[in-house]
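An overview of the molecular structure
Residues per chain are reported as follows:
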Amino acid sequence: MTPVSDPSSFSTVSKCATKHLNLIYHVDFDKRVLKGKVALTLEVLEDKFSSLLVVLKRSSLSYGIFRIAVFNLRANYMGFSTFLGFYSIYNLSQMCILVSSKEVTNYIAFKTIVYFFVCLFFIYSNCFCLQQATHCRSMIPCQDSPSVKHTYYAQVSVPKELVALMSALHDGQVPDPSDSSRVIYRFRQPVPMPSYLIAIVVGALESRKIGPRSRVWSEKENVDEAAFEFSETETMLKTAESLAGPYVWGQYDLLVMPPSFPYGGMENPCLTFVTPTVLAGDKSLAGVIAHEISHSWTGNLVTNRNWEHFWLNEGHTVYIERMIARCMESEHLRQFKGIGGWKELQESVNQFGANNVLTNLVPNLHEVDTDEAFSSVPYEKGFALLYHLEELLGGPEVFMGFVKSYIQLFAYGTVTTEEWKNYLFTYFKDKVDILNKVDWNAWMHTPGMAPVKPKYDTTMADACTALCQRWVKAKEEDLASFTEEDVKKLNSPQLIEFMALLLQEEPLPLSHVKKMQEVYQLNSVKNAEVRFRWLRICVRAHWEEAVPLALKMATEQGRMKFTRPLFKEVYNFSKYSDKALNTFKENRGALHPVTAMLVAKDLKING
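Counting from 1, residues in each chain are numbered in the order their sequence is written. Under the rules for a predicted model, residues below a pLDDT of 70 receive no local features and side-chain atom pairs below 80 are neither given nor counted, while totals for whole chains, interfaces and linings still include all residues. Computation of side-chain values covers all heavy atoms of the structure but excludes hydrogens and water.

Digging into the overall build of the chain
Note on conventions: DSSP H or I runs of at least 4 residues are helices, E runs of at least 2 residues are strands, and numbering of each starts at the N terminus. When its secondary structure is counted, the chain shows 20 helices and 20 strands. The buried label goes to any residue with under 20% of its type's maximum accessible area, the exposed label to any with over 50%, and the partly exposed label to all in between, with areas taken from a 1.4 Å probe on protein chains only. Counting over 607 residues, the chain shows a buried share of 59%. Contact criterion: two residues are considered in contact whenever any of their non-hydrogen atoms come within 4.5 Å of each other. Put simply, of all contacts in the chain between residues at least 6 apart along the chain, 71% involve residues at least 24 apart. Using a 1.4 Å probe, the Shrake-Rupley method yields the accessible areas, and only the shown protein chains count as cover for residues. Carbon and sulfur atoms make up 52% of the accessible area of the chain, which totals about 25200 Å².

Examining unusual backbone geometry
Positive phi is not limited to glycine here, since H542 has a value of about 60 degrees. Positionally, H542 belongs in the loop between α16 (528-540) and α17 (546-556). Owing to a relative accessible area of 43%, H542 belongs among the partly exposed residues under this scheme. Even without a glycine there, the phi angle at K604 is positive, about 60 degrees. By secondary structure assignment, the location of K604 is in the segment after α20 (593-602).

Looking at the nonpolar core
Side chains of nonpolar character tend, in soluble globular proteins, to be buried together. Residues enter a nonpolar core if they are buried and are Ala, Val, Leu, Ile, Met, Phe, Trp, Tyr or Cys, with the set joined through side-chain atoms within 4.5 Å. Of all hydrophobic cores here, the largest spans 186 residues; its most connected members are F230, W420 and F498. Setting aside anything within four residues of it in sequence, one finds W420 in contact with W311, L312, H316, L385, L386, L389, F402, Y406, V415, W440 and M444.

Describing the sheet that holds strand β14 (residues 205-211)
When DSSP finds two or more bridges between a pair of strands, those strands are recorded as paired. The strand order β14-β15-β16-β18-β17 describes an open sheet built from 5 strands, whose pairing is mixed. The open sheet has two free edges, formed respectively by β14 and β17 (265-266), since each of these has just one partner strand. With 6 bridges connecting them, β14 and strand β15 (residues 214-219) associate as antiparallel partners. Pairing of G211 across the sheet is with S214, part of β15. Under this scheme, a helix contributes an axis fitted over its contacting stretch, all axes are lines through C-alpha atoms, and angles between N-to-C directions fall in the 0 to 180 degree range. Its contacts with the sheet place helix α3 (residues 287-294) against β16 (253-256), β17 and β18 (271-274), and it is angled at close to 140 degrees to β18.

A word on the sheet that holds strand β12 (residues 182-193)
Taken in spatial order, the 5 strands line up as β2-β1-β9-β12-β11 in an open sheet, and their pairing is mixed. One side of each edge strand has no neighbouring strand; the edge strands of this open sheet are β2 (33-44) and β11 (169-175). With direction set aside, neighbouring strand axes in the sheet form an average angle of 15 degrees. Summarising the sheet, strand β9 (residues 150-159) and β12 pair through 9 bridges and their orientation is antiparallel. Directly across from V156, in β12, lies its bridge partner Y185.

Below is the structure:
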């Protein structure tokens, strides 16, 4: 493995590497405390390794490491340890401990107590955040670089009326011997994985079986609806296996998160987190699961070595996700999704600026907060590159063969863009002349849009474009020609695309938007992707009745994809700028901290 520095991590991964974590957690809701102990088994990579520098971050959100007990473990004598002492630290934003001993050879273990904020009777970990990057170091003393992969075992003590879940296989549960009102859940993760994929959830959860290796978990109110929505999970898993190879993680469960969950999904092994905003009642938004399933191969099994190569995780995952759509639905749908993805890429480039280096496929992340670097660029610019290569090298079956081979070669390890590219040239050794004509610098290291715009089939998009243009060009006397039949001809993805196209145009006249509501009844649509775009269209048209609806959607759920643009739209409606600000301030505490931080920036709020 080629050594690569990680600008997002404090870890010195060239000196030692974590091979296993043994975690013990005690969840105390009354005190809002998560107490933990962790034993780390480290492989020493330097002959003269004699010290361990432990850097533990206390974020501004709520985390703090208060006491550490450090032990020395001799190689091959795991049952005998030398106690090195306690180290106490208080009220530091960041602290370093130097543990020196000539006895340190192969393994080190230490214990820590971690205090952080939990809310009500549902907690979930925040190791991933936007770029998945480094937040695990706020919860567990660990090497927080994705270049380090390890197994883990965990025991979690919780009140017996609650359920604990982790990104691992359930390994039974027993009464807590120290407290009869509590139960200890046990978990094991035998497949090596990076620390950002460690996940823990505790709550009043119920589950339903939705397949031979899958359950869906949720709070009671949503569990049956979720079971219906995700009933095709096993079909997606089998389809993904036919494309990418065996599923190695054993169990594939889904957890519907609280409304404040800020992402569409998170690909924790064995336990995908998913936003409740995909519960549309008609399975129309269940495609988000195809993306998270695809991560089981690209991201979880084969992982970017640092976050500058994030596109290797996300570009390939989007590619496999859309291949699943191709197999389960049609090539037309895959092409249609590509069109929508190109629009998302354009929006990100517009937001960052076409000359911003964060729109590079391989950005320089030195001195960059990875949360603030997040966008659709690694997803959609990455997919655009893979689709371009597919067209050059022989079509989807041929290129999917490469992707499967790439996964097999780098499985259980990590990879850089250079290593990916070298293998691409090796796999297609008879087509090197074609690959040499690709402008790799423009694709990888140049900001802005992808240098080649894919030529997607527009069969499904044509109806959306036609209806959009009818509305854009309609005069007042033409409004009577619109009927509910216009949208009955469209499926859910097409209705979303129709709305997305309208958002690319100049704002519609208010009379047009009111007519659209009259004939299409869009205020009553449950599909969150449609409703989100519809409310943006209404606010842009300065329909005042839509303002409270937009702010309600921005606050009753916390998915950043929806919350940030809705707040911005209302804020940009000058008459209601103060309303947007006040609503945000009133609801800030209920939002995920990263969501709140980014919305505050959007609304130009300092502090």
